[in-house]
Amino acid sequence: MFVQKVILLIVSSIIRVSSVKKPNVLMIVVDDLRPALGCYRYPNIITPNIDQLASQSILFQNAHVQQAVCGPSRTSFLTSRRPDTTRLYDFGSYWRTHAGNFTTLPQHFKENGYYTYSIGKVFHPGKCSNYSDDAPYSWSAAAYHPPTQKYKEAKVCPNEDGSLGMNLLCPVDVATQPEKSLPDIQSAEHAVDMLQKFEDSNSSQPFFLAVGFHKPHVPYKFPKEFLKLYPLSEISLAPNPAIPSGMPPVAYNPWGSLRRRDDIKALNLSFPYGPIPDIYQRRIRQHYYSAATYTDTMVGKVLDKLDRSGFADNTIIVMVADHGFSLGEHGDWCKFENFEVTTRVPLLIHVPSEGGEKASFPLQNPFHTDASPYVSGTESEALVELVDLFPTLSDLSGLPPLAQCPRDSSKVMLCTEGSSLVPLIKLEKKHRLSSNELKSIWKGAVFSQYPRPSDTPQADSDLPKLKDIRIMGYTMRTSEYRYTEWVTFNPTTFQGNFSEVHARELYDYNIDGMEDYNVADEARYAKLVDILRKRLIQGWRSALRR
């Protein structure tokens, strides 16, 4: 790992930091978005606006979250602390009173002279952000939430018989919806308005603007015209729909958040494994893709305004998802697990050019066949984690750097359990680093985790409350393997007991890129399991290059 002095020396050469005005920051957070994007070479997906951003950014191919569910993931990357430090595994606690008075990413910018503002879903709403989006600490003004989000659970989805339901699949005529709008439309409009206000104010104060989009989170409610982009006849099933061979039952997520939807209830599926009929599997995938393209258009509206306002040339842009999502892989239809498809997310970072090149983000229309094709930008195969975002944005903006957290950081307000990506960005811009080069200079593994109430799937297996957590699945992803141990967990001390192992998983990417065969119990892998187990128990600190 590069020492802090090296980070400080190269920050000034990667971004033009004006002595008059620090760079602005635009942070876009998308809910439940797997790397189903053209820039990630996902087949037949239409995302021209995010692809355009990627062509002028560094794209991280192997970015991973610390827990594949909204609240814990967001609390983790916004504080740069891992779930066992924030002590949030569900939605039931606020870190400042439950774990420690940790400084957040926007708070750090606010305390260093930035105007900070939140639109949409940035912090997870409710108790885990103190019912206030962490006000007054993180934001210069009250956070904006689109008023139509209150209809998320309402019966507004049209059925074939003309009735309305609380469905998973919910393409709508926007004009018939409450307030004649949808949450992400309202969030995009508000972001455009805020950028106009920043422009009109002509202020020298830099801004940190965070915009959180709700889709493609369930339900798949979006303007119905986006379905036309994805004819059902062209939608394929997941390439690996079977439950992995040798997968322990504790690893399985029974997708409870889908089962309570009216249209899924009507399928009368067996618990916990289903399966969902093939035709409905295709429809789910079709609607997810449509929702993703709809979100891409909303992202495009914000980027287009940033471009037209004149801010693009002095704005750091990060686009990230809070976790991935399963669309039939491993028999799963949600998140709430430790597989690659749920821990891996898209991560793009745009840094203003030091050579004076102009950034350009004109709105791209997904319905036009002449929409700008994706042109590859800088890419990195490095293993990175979302806890790395906080120190990275701080370094890029020339703010005071973050020290690494001590093992007990409950009394330390400002520190990081991640690593600044700035040295990596600098080197990748010169030439794409090989796997051997990455092994010598960068962290050798990334870490995630997921809780369970029992060894077998239960109704609350997807999101158990803290008091009901009995097992924690700790997973380590290296360049060649994913190794997971499900161990006894104490919800009072917030500690896993690695002397009580309930199950193990090992997926060998050399022969099994889709994690379809758990080989942890095969004799030929016994020595490797011992090695990986020691690395998993040693944890993230031991994975850092020094």
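Note that this is a predicted model, so its numbers are computed, not measured.

Enquirer: I'm lost on helix α7 (residues 183-201) in this one. Help?
Expert: Residue pairs spaced three or four apart in an α-helix point in one direction, given the helix's 3.6 residues per turn. In a regular helix each residue adds 1.5 Å, so 19 residues correspond to 27 Å; α7 covers 27 Å between its end C-alpha atoms and thus fits that length. Those residues of α7 that fall on the buried side of the exposure criterion are Pro-183, Asp-184, Ile-185, Gln-186, Ser-187, Ala-188, His-190, Ala-191, Met-194, Leu-195 and Phe-198. Elements in contact with the buried residues of α7: β3 (115-120), β7 (207-213) and α10 (278-309). Just downstream of α7, Asn-202 is the residue with a positive phi angle, here 55 degrees.

Enquirer: So what exactly am I meant to see when it comes to the sheet that holds strand β9 (residues 315-321) here?
Expert: To summarise the sheet geometry, strands pair through backbone hydrogen bonds and adopt either a parallel or an antiparallel arrangement. Strand order in the open sheet formed by seven strands is β3-β7-β1-β9-β10-β2-β11, and the pairing between neighbours is mixed. Strands with a single pairing partner mark the edges of an open sheet, and in this sheet they are β3 and β11 (378-385). Along the sheet, successive strands turn relative to each other by an average axial angle of 15 degrees, direction set aside. As paired strands, strand β1 (residues 24-30) and β7 are joined by six bridges and run parallel to one another. Looking across to β7, one finds that Val-29 is bridged to Gly-212.

Enquirer: What exactly am I supposed to notice about the side chain of His-350 here?
Expert: By secondary structure assignment, the location of His-350 is in strand β10 (residues 344-350). Among the polar contacts listed, one links the side chain of His-350 to the backbone oxygen of Gln-56, at a separation of 2.5 Å. Contacts of His-350, omitting those with residues within four sequence positions, involve Leu-53, Gln-56, Ser-57, Ala-312, Thr-315, Ile-316, Ile-317, Ala-359 and Phe-361.

Enquirer: I keep staring at the packing of α7 against α10 and nothing clicks. Help me out?
Expert: In the contact formed by α7 and α10, the axes pass within 9 Å of each other and the chain directions differ by 5 degrees. Considering the angle they form, α7 stands roughly parallel to α10. When α7 is examined against α10, the residues Asp-184, Ile-185, Ala-188, Ala-191, Val-192, Leu-195, Gln-196 and Glu-199 are found in contact with a partner set consisting of Tyr-294, Thr-295, Met-298, Lys-301, Val-302, Lys-305, Leu-306, Arg-308 and Ser-309. Here the residues of the contact of α7 with α10 sort into nine nonpolar, three polar and five charged.

Enquirer: Honestly, the pairing of strand β6 (residues 169-172) in this entry has me stumped. Any pointers?
Expert: Regular strands show a simple pattern: their side chains alternate between the two faces of the sheet. Neither face of β6 is left uncovered, since the one carrying Leu-169 and Pro-171 and the one carrying Cys-170 and Val-172 both have all their residues buried. Pairing geometry for β6 and strand β8 (residues 220-223), over four bridges, is parallel. Its bridge partner lying in β8, Val-172 is registered against Pro-223.

Enquirer: Please explain empty space enclosed by the protein as it appears in this structure.
Expert: If a probe as big as a water molecule is rolled over the atoms, it shows which places are left empty. As enumerated under the stated definition, the model contains three cavities of 30 Å³ or more in all. A volume near 80 Å³ is recorded for the largest cavity. Lining the largest cavity we find Asp-31, Lys-121, Gln-149, Lys-152, Pro-183, His-214, Lys-215, His-217, Val-218, Pro-219 and Lys-221. When its residues are assigned to classes, the lining of the largest cavity shows three nonpolar, three polar and five charged.

Enquirer: Would you explain the packing of aromatic side chains in this entry?
Expert: Given two aromatic rings, one states the distance between the centres and the angle between the planes to describe the pair. This model, assessed by the stated rule, comprises 21 aromatic pairs. Ring centres of Tyr-94 and Trp-95 lie 4.9 Å apart, and the angle between their planes is 65 degrees; on these two criteria the pair is classed as edge-to-face. Across this residue pair, the class does not change: Tyr-94 and Trp-95 are buried. Pairing Tyr-288 with Tyr-289 gives two aromatic rings, centres 6.4 Å apart and planes at 80 degrees, and the pair type is edge-to-face. A residue is classified by how much of its surface remains accessible, and Tyr-288, at 0% relative accessible area, is buried. Put simply, the rings of Tyr-42, Tyr-220, Tyr-230, Tyr-288, Tyr-289 and Phe-325 pair up and form one aromatic cluster. Sitting above the plane of the Tyr-137 ring, Arg-96 keeps its charged end 3.8 Å from the centroid. Against the face of Trp-255 rests Arg-259, its NZ or CZ located 3.9 Å from the ring centre.

Enquirer: Please explain the sheet that holds strand β15 (residues 495-508) as it appears in this structure.
Expert: With antiparallel pairing, four strands are arranged side by side in an open sheet as β12-β13-β14-β15. Sheet topology places β12 (446-452) and β15 at the edges, where each strand pairs with a single neighbour. Across the sheet, the axes of successive neighbouring strands diverge by a mean angle of 20 degrees, strand direction being ignored. Direction of pairing for β12 relative to strand β13 (residues 471-477): antiparallel, over a ladder of seven bridges. Across the sheet, residue Val-446 finds its bridge partner in β13, namely Arg-477.

Enquirer: So what exactly am I meant to see when it comes to the pattern of salt bridges here?
Expert: Oppositely charged side chains are able to pair whenever their charged atoms sit close together. Scanning all chains against the criterion turns up 27 salt bridges. Among the salt bridges present, the one from Arg-41 reaches Glu-379, with a minimum N-O distance of 3.0 Å. Taken together, the residues Arg-41 in the loop between β1 and α2 (48-54) and Glu-379 in strand β11 connect sequence positions 338 residues apart. With its nearest N and O atoms 2.7 Å apart, the salt bridge here joins Asp-304 to Arg-308. On the criterion of helical spacing, the pair formed by Asp-304 and Arg-308 is a turn pair, its members being four residues apart in helix α10. With a relative accessible area of 14%, Asp-304 lands in the buried category.

Enquirer: Help me understand the state of the cysteines, please; the structure alone is not making it clear to me.
Expert: Such a bond, covalent and formed between the sulfur atoms of two cysteines, is termed a disulfide. The tally for this structure, following the rule as stated, stands at two disulfides. With a sulfur-sulfur separation of 2.2 Å, Cys-157 is cross-linked through a disulfide to Cys-170. Here the disulfide of Cys-157 and Cys-170 is left-handed, its torsion about the S-S bond being about -100 degrees. A residue pair is termed long-range when its members are at least 10 positions apart, and Cys-157 in strand β4 (residues 157-158) and Cys-170 in strand β6 qualify at 13 residues.

Enquirer: Any chance you could explain the pairing of strand β2 (residues 58-64) here in plain terms?
Expert: Most of β2 is tucked away: seven of the seven residues are buried. Alignment of β2 against β10, held across five bridges, turns out to be antiparallel. Each bridged residue has a counterpart across the sheet, and for Ala-63 the counterpart in β10 is Val-345. Bridging between β2 and β11 involves six bridges; their strand directions are parallel. Paired with Phe-60 across the strands is Ser-380, a residue of β11.

Enquirer: I would appreciate a short explanation of α10 in the present structure.
Expert: If you check α10, its first and last C-alpha atoms are 47 Å apart, about what 32 residues at 1.5 Å a residue would give, namely 46 Å. Extensive coverage of α10 is indicated by the burial of 25 of its 32 residues.

Enquirer: What is the right way to read the confidence of the model for the chain from this model?
Expert: One rule of thumb: low pLDDT means the predicted coordinates there are not for detailed reading. The predicted model of the chain averages 94 in pLDDT, with 95% of residues at 70 or higher. Predicted confidence is poor over residues 1-20, with pLDDT under 50, and the contacts of this stretch with residues over four places away or in other chains come to 44 contacts.

Criteria and thresholds
Residues numbered from 1 in each chain as written. Predicted model: local features only at pLDDT ≥ 70, side-chain atom pairs only at ≥ 80, totals over all residues. Heavy atoms only, no water. Helix = DSSP H or I, 4+ residues; strand = E, 2+ residues; numbered from the N terminus. Expected span 1.5 Å × (residues − 1). Buried < 20%, exposed > 50% of the residue type's maximum accessible area, 1.4 Å probe, protein only. Contact = heavy atoms within 4.5 Å. Pairing = 2+ DSSP bridges. Axes fitted to C-alpha atoms, helices over the stretch in contact; angles between N-to-C directions. Polar contact = N/O pair within 3.5 Å; in protein donor to acceptor, adjacent residues only side chain to side chain. Parallel < 35°, antiparallel > 145°, perpendicular 65-115°, else oblique. Nonpolar A, V, L, I, M, F, W, Y, C, P; charged D, E, K, R; others polar. 1 Å grid on protein atoms, 1.4 Å probe; cavity = no way out; pocket = protein on both sides within 12 Å on 5 of 7 lines; lining within 4 Å. Points joined across faces, edges and corners; volume = space filled by probe spheres on them. Phe/Tyr/Trp six-rings, centres within 6.5 Å; stacked < 30°, edge-to-face > 60°. Lys NZ or Arg CZ within 6 Å of the ring centre and 35° of its normal. Salt bridge = Lys/Arg side-chain N within 4 Å of Asp/Glu carboxyl O. Disulfide = S-S within 2.5 Å. pLDDT = per-residue confidence, 0-100.

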